Structure formats: structure tokens, C-alpha cells
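Commentary on secondary and tertiary structure
The residues making up each chain are set out below.
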Amino acid sequence: MSAALRAAYSLLSPAGRRARLTIFAFHRTPADADEMLTDEPHAARFAEILQWVGALCRVLPLAEAIDALGNDTLPARAAAITFDDGYRNNLTVAKPALVAAGLPATVFIAADPVERGIMW
């Protein structure tokens with residue numbers, strides 16, 4: 001990642017009172033490419049995305065980022081990674097990639113489907 005790109009992003013996402021928080025939101029992370037889930041990054045693509053995000057942004061846990069945003073202490077190029085619904089592959093595919101990249105993420109679990117056994 002070039003220093004020029006990081007510098008440009010710092011102008012768009014400054015630190016402190018004028019800070020902006022970028023949130024990268026995902027749902028599924030299938031192990032392999034799936035023609036039915038073309039908008040969902042498979043494992044290899046997800047790992048590439050994490051490399052890019054990690055090089056460009058200062059990735060924080062969502063709760064920490066929100067606190068910093070409220071206290072005007074958010075760093076430049078701040079970002080958070082989130083997952084909606086709590087699909088199993090968030091644990092089996094995304095978590096190992098996140099650990100390998102050294103990046104935190106927040107997973108929002110849809111509790112009703114867990115209890116009822118169906119999503120919709």
C-alpha cells in the first residue's frame with residue numbers, strides 16, 4: 001500500500017474531532033467461490049481484502065471505535081470490521097483470516113434463527 005494512498009485517506013478520515021469511522025460490513029465468507037453468493041467474498045478474496053484494509057486503515061474493535069468517536073479521540077483512517085447475522089463461516093473461514101491478519105471484528109448474531117432454526 002503506497003504512502004500516498006494512506007496520506008490521501010488520512011485527509012478524508014482525519015483524527016480527533018473531525019474523525020470519520022469507516023465500517024466494513026460482511027455477511028458470509030464462504031470457503032470457496034459460490035455462483036449464488038457473488039457479493040460475498042470467498043476465503044481467498046476475503047484474505048486479500050483484509051490485507052488491503054489492514055494496510056490502509058487503523059482497524060479497531062467496533063465498541064472501542066465508537067467510544068473513541070464519541071470522545072473525539074478516534075485515530076486517522078479508523079475502521080471497524082463487522083459481520084451481520086452470525087453465519088457459521090464467520091467462525092470457520094473469517095476468524096482464521098482475521099487472526100492471521102491481526103485484525104479485530106465484531107459479529108452480530110441473529111438470535112431468533114438460532115432459537116427457531118430458520119433465518120427468515
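So, here's what we can say about the structure. Residue numbering note: each chain is counted from 1, following its sequence as written. A pLDDT threshold of at least 70 governs which residues receive local features in this predicted model, and a stricter bar of 80 or more applies before side-chain atom pairs are shown or counted, although totals over entire chains, interfaces and linings include all residues. For side-chain calculations, the full set of non-hydrogen atoms in the structure is used, while hydrogens and water are omitted.

1. So, the pairing of strand β4 (residues 106-109)
Under the convention used in this document: Pairing between two strands is assigned when DSSP locates at least 2 bridges connecting them. Runs of E in the DSSP output that reach at least two residues are strands. Runs of H or I that reach at least four are helices, and both are numbered from the N terminus. Handedness rule for crossovers: strands pointing away from the viewer, path from the first strand over the helix to the second running clockwise, crossover right-handed.
Note: strand β3 (residues 78-85) against β4, four bridges, orientation parallel. For Phe83, the partnering residue across the bridge sits in β4 and is Val107. For the segment spanning β3, helix α4 (residues 88-101) and β4, crossover handedness is right-handed.

2. Notes on the nonpolar core
Inside soluble globular proteins, nonpolar side chains tend to come together where they are buried. Our working rule: Buried Ala, Val, Leu, Ile, Met, Phe, Trp, Tyr and Cys residues that are joined via side-chain atoms within 4.5 Å together make up what is termed a nonpolar core. Any residue under 20% of the maximum accessible area for its type is buried, any over 50% is exposed, and the rest in between are partly exposed; the area is computed with a 1.4 Å probe on protein chains only. It only takes one pair of heavy atoms within 4.5 Å for two residues to be counted as in contact.
Counting 17 residues, the largest nonpolar core has Phe46, Cys57, Ile81 and Leu98 as its most contacted members. Elements that contribute at least two residues to this core include exactly β1 (22-26), α2 (43-56), β3 and α4. No other element matches the five residues that α2 contributes to this core. Once residues lying within four places of it in the same chain are set aside, the contact partners of Leu98 are Phe46, Leu50, Ile81, Phe83, Leu103, Pro104 and Ala105. Judged by nonpolar contacts, the second largest core, of six residues, contains Ala19, Leu60, Ala65 and Ala68.

3. A short note on the side chain of Asn90
Tracing the backbone through its elements, the reader meets Asn90 in helix α4. Excluding residues that lie within four positions of it along the chain, Asn90 makes contacts with His27, Arg28, Thr29, Phe83, Asp84, Lys95 and Val107.

4. Remarks on the pattern of salt bridges
Quick reminder of the rule: What makes a salt bridge here is a side-chain nitrogen of Lys or Arg within 4 Å of a carboxyl oxygen of Asp or Glu, nothing more.
By the definition in use, this model includes two salt bridges. Between Glu40 and Arg28 there is a salt bridge whose closest N-O contact spans 3.9 Å. Of the two residues, Glu40 sits in the loop between β1 and α2 while Arg28 sits in the loop between β1 and α2, which places them twelve residues apart along the sequence. For Glu40, a relative accessible area of 18% corresponds to the buried category. When its relative accessible area of 25% is taken as the criterion, Arg28 is described as partly exposed. Put simply, Arg45 and Glu48 hold a salt bridge, and the shortest N to O gap is 3.1 Å. You can see Arg45 and its partner Glu48 sitting in helix α2, three residues apart, about one turn around the helix. The exposure class of Arg45 is partly exposed, given its relative accessible area of 41%.

5. A word on the side chain of Thr29
The cut-off we apply is this: Here a polar contact is taken to be a pair of N or O atoms separated by no more than 3.5 Å, where protein atoms must pair a possible hydrogen donor with a possible acceptor and residues adjacent in sequence count only if both atoms sit in side chains.
By the secondary structure assignment, Thr29 is in the loop between β1 and α2. Within the structure, Thr29 has its side chain in polar contact with the backbone oxygen of Asn89 (distance 3.0 Å). Beyond its immediate chain neighbours, meaning those up to four positions away, Thr29 contacts Pro41, Phe46, Phe83, Asn89, Asn90, Val93 and Ala94.

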